[in-house]
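Below, each chain spelled out in residue letters.
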Amino acid sequence: MTSGGGYGDSSQKIDYVFKVVLIGDSAVGKSQILARFARNEFSLDSKATIGVEFQTRTLVIQHKSVKAQIWDTAGQERYRAVTSAYYRGAVGAMLVYDITKRQTFDHIPRWLEELRAHADKNIVIILIGNKTDLEDQRAVPTEDATEFAQKEGLFFLETSALESTNVENAFTTVLTEIFNIVNKKNLVADDNNNGGQSGGNTNSGSSLSGKKIIIPGPAQVIPEKNRMCCST
Ligand code: GTP
Ligand code: MG
């Protein structure tokens, strides 16, 4: 169990805390994607995760400070912690496969099913094809994943935790989308008469736009002082 401040953290005031979960088969690189994002670190002899860990990093989005609380669990069934606790309160999910292992991509629909069974139905989801540095071993064409993501209404990016390619972009895409949804909801809450004025401001500028999502309750944004801590 770890909880780090994350590089770039300071003791500034926090406007939002967003919980995001990482899921996908074992060895696709979930823990290394998180290490890259939270600490700008990478290890080639990363050990399989046992149970649940989370790390945080605070970013500024549209002049607000957003603390991303990223949860990581074992891809291996026998090491996984109780599923419902893992997904509770999550507003974002990163669904990771390894572009060199076809099977990890073929399992994505199962992960999506689990997510849809346990997580909030309005959760923002990004599909991630990791290990693009191993292009010569590629087993999943980009188009297959693009097509799948479009069909399922997911964001999609290919990353390399090793080379630090698109990792930042992947997190920013999810967090900005969540931020826009929450912000828009606040606007609507501030002015109920303006319900129809939904504006065109939810697009994060990613190559795929996610489906239109409205997060219903205030419970979806975890205020810093009330947030759930690390135990499961
Ligand atoms: P579990 O904890 O078992 O679910 O696995 P995981 O998805 O967390 O995988 P982990 O991050 O531990 O990475 C598995 C292996 O892949 C390690 O040897 C990593 O160094 C390696 N790896 C992770 N990301 C990359 C990447 O972008 N490129 C390359 N070449 N190797 C990577
Ligand atoms: Mg891991």
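Scroll up a little and you will see the structure.
Quick notes on the rules
- Residues numbered from 1 in each chain as written.
- Chains lettered and ligands numbered in written order.
- Predicted model: local features only at pLDDT ≥ 70, side-chain atom pairs only at ≥ 80, totals over all residues.
- Heavy atoms only, no water.
- Helix = DSSP H or I, 4+ residues; strand = E, 2+ residues; numbered from the N terminus.
- Buried < 20%, exposed > 50% of the residue type's maximum accessible area, 1.4 Å probe, protein only.
- Contact = heavy atoms within 4.5 Å.
- Phe/Tyr/Trp six-rings, centres within 6.5 Å; stacked < 30°, edge-to-face > 60°.
- Arc of directions from axis to C-beta.
- Donors = N, O, S within 2.8 Å, 3.2 Å for Na, K, Ca; no water.
- Near = heavy atom within 4 Å.
- Polar contact = N/O pair within 3.5 Å; in protein donor to acceptor, adjacent residues only side chain to side chain.
- Areas by Shrake-Rupley, 256 points an atom, 1.4 Å probe, with all protein chains shown as cover.
- Nonpolar A, V, L, I, M, F, W, Y, C, P; charged D, E, K, R; others polar.
- Salt bridge = Lys/Arg side-chain N within 4 Å of Asp/Glu carboxyl O.
- Core = buried A, V, L, I, M, F, W, Y, C linked by side-chain atoms within 4.5 Å.

A. Up close: the environment of Asp98. Mapped onto the elements, Asp98 comes out in strand β4 (residues 92–98). Accessibility expressed as a relative area gives 2% for Asp98, which makes it buried. Asp98 sits 30 residues away from Ile128 along the chain, and the two C-alpha atoms are 8.3 Å apart. Look past the residues within four positions of Asp98 in its chain and what remains in contact with it is Ala27, Val28, Thr104, Asn130, Lys131 and Val140.

B. Fine view of the packing of aromatic side chains. Within the structure shown, the criterion is met by eight aromatic pairs. Between Tyr16 and Phe18, the aromatic rings sit 5.6 Å apart at their centres with planes inclined by 25°, giving stacked as the arrangement. The class for Tyr16 is buried, based on a relative accessible area of 11%. With a centroid separation of 5.5 Å and an interplanar angle of 75°, the aromatic rings of Tyr86 and Tyr87 are classed as edge-to-face. We classify Tyr86 as buried; its relative accessible area is 2%.

C. Just helix α4 (residues 108–118), in detail. Those residues of α4 not exposed but buried are Ile108, Trp111, Leu112, Glu114 and Leu115. Buried residues of α4, seen end-on, are gathered within an arc of 160° and therefore sit on one face of the element. Across from the buried face of α4, at angles greater than 90 degrees, the exposed residues are Arg110, Glu113 and Ala117.

D. Structural context of the coordination of the magnesium ion (ligand 2). Summarising the metal site, the magnesium ion (ligand 2) is bound by the protein donors Ser31 (OG) and Thr49 (OG1), whose distances to it range over 2.0 to 2.1 Å. Of this pair, Ser31 sits in helix α1 (residues 30–39) while Thr49 sits in the loop between α1 and β2 (52–61), and the two are 18 residues apart along the sequence. By the burial criterion, Ser31 is buried, and Thr49 matches it.

E. Molecular detail of the site of ligand 1. Close to ligand 1 lie 24 residues, the nearest being Ser26, Ser43, Leu44, Ser46 and Gly75. With respect to ligand 1, the backbone of Ser43 contributes an N or O atom lying 2.7 Å from an oxygen atom. Contact distances for ligand 1 include 3.0 Å between an oxygen atom and a side-chain N or O atom of Lys131. Against a free-state accessible area of 650 Å², the protein chains account for coverage of 92% of ligand 1. Of the residues that constitute the shell around ligand 1, the class distribution is nine nonpolar, 10 polar and five charged.

F. Structural detail: the pattern of salt bridges. On inspection of all chains with the given rule, the structure shows 12 salt bridges. Put simply, Asp106 and Arg102 hold a salt bridge, and the shortest N to O gap is 3.2 Å. Here Arg102 and Asp106 lie together in helix α3 (residues 102–106), a separation of four residues that amounts to about one turn. For Asp106, a relative accessible area of 42% corresponds to the partly exposed category. Classification of Arg102 by relative accessible area gives partly exposed; the value is 31%. The shortest N-O distance in the salt bridge between Glu158 and Arg138 comes to 2.9 Å. Taken together, the positions of Glu158 in strand β6 (residues 155–158) and Arg138 in the loop between β5 (124–130) and α5 (142–152) put the pair 20 residues apart, joining distant regions of the chain.

G. Region of interest: the side chain of Arg57. Mapped onto the fold, Arg57 is located in strand β2. Judged by relative accessible area, which is 9%, Arg57 ranks as buried. Within the local environment of Arg57, its side chain forms a polar contact with the side chain of Glu168, the two groups lying 2.8 Å apart.

H. How the structure looks around the nonpolar core. One finds Phe18, Met94, Leu95, Tyr97, Leu115, Leu127 and Leu175 to be the most contacted residues of the largest nonpolar core, which totals 59 residues. In terms of residues, this core owes the most to one element, helix α6 (residues 167–190), which gives nine residues. With near-sequence residues (within four places) excluded, Leu95 lies in contact with Ile23, Ile108, Trp111, Leu112, Leu115, Ile125, Ile126, Leu127, Ile128 and Leu154.

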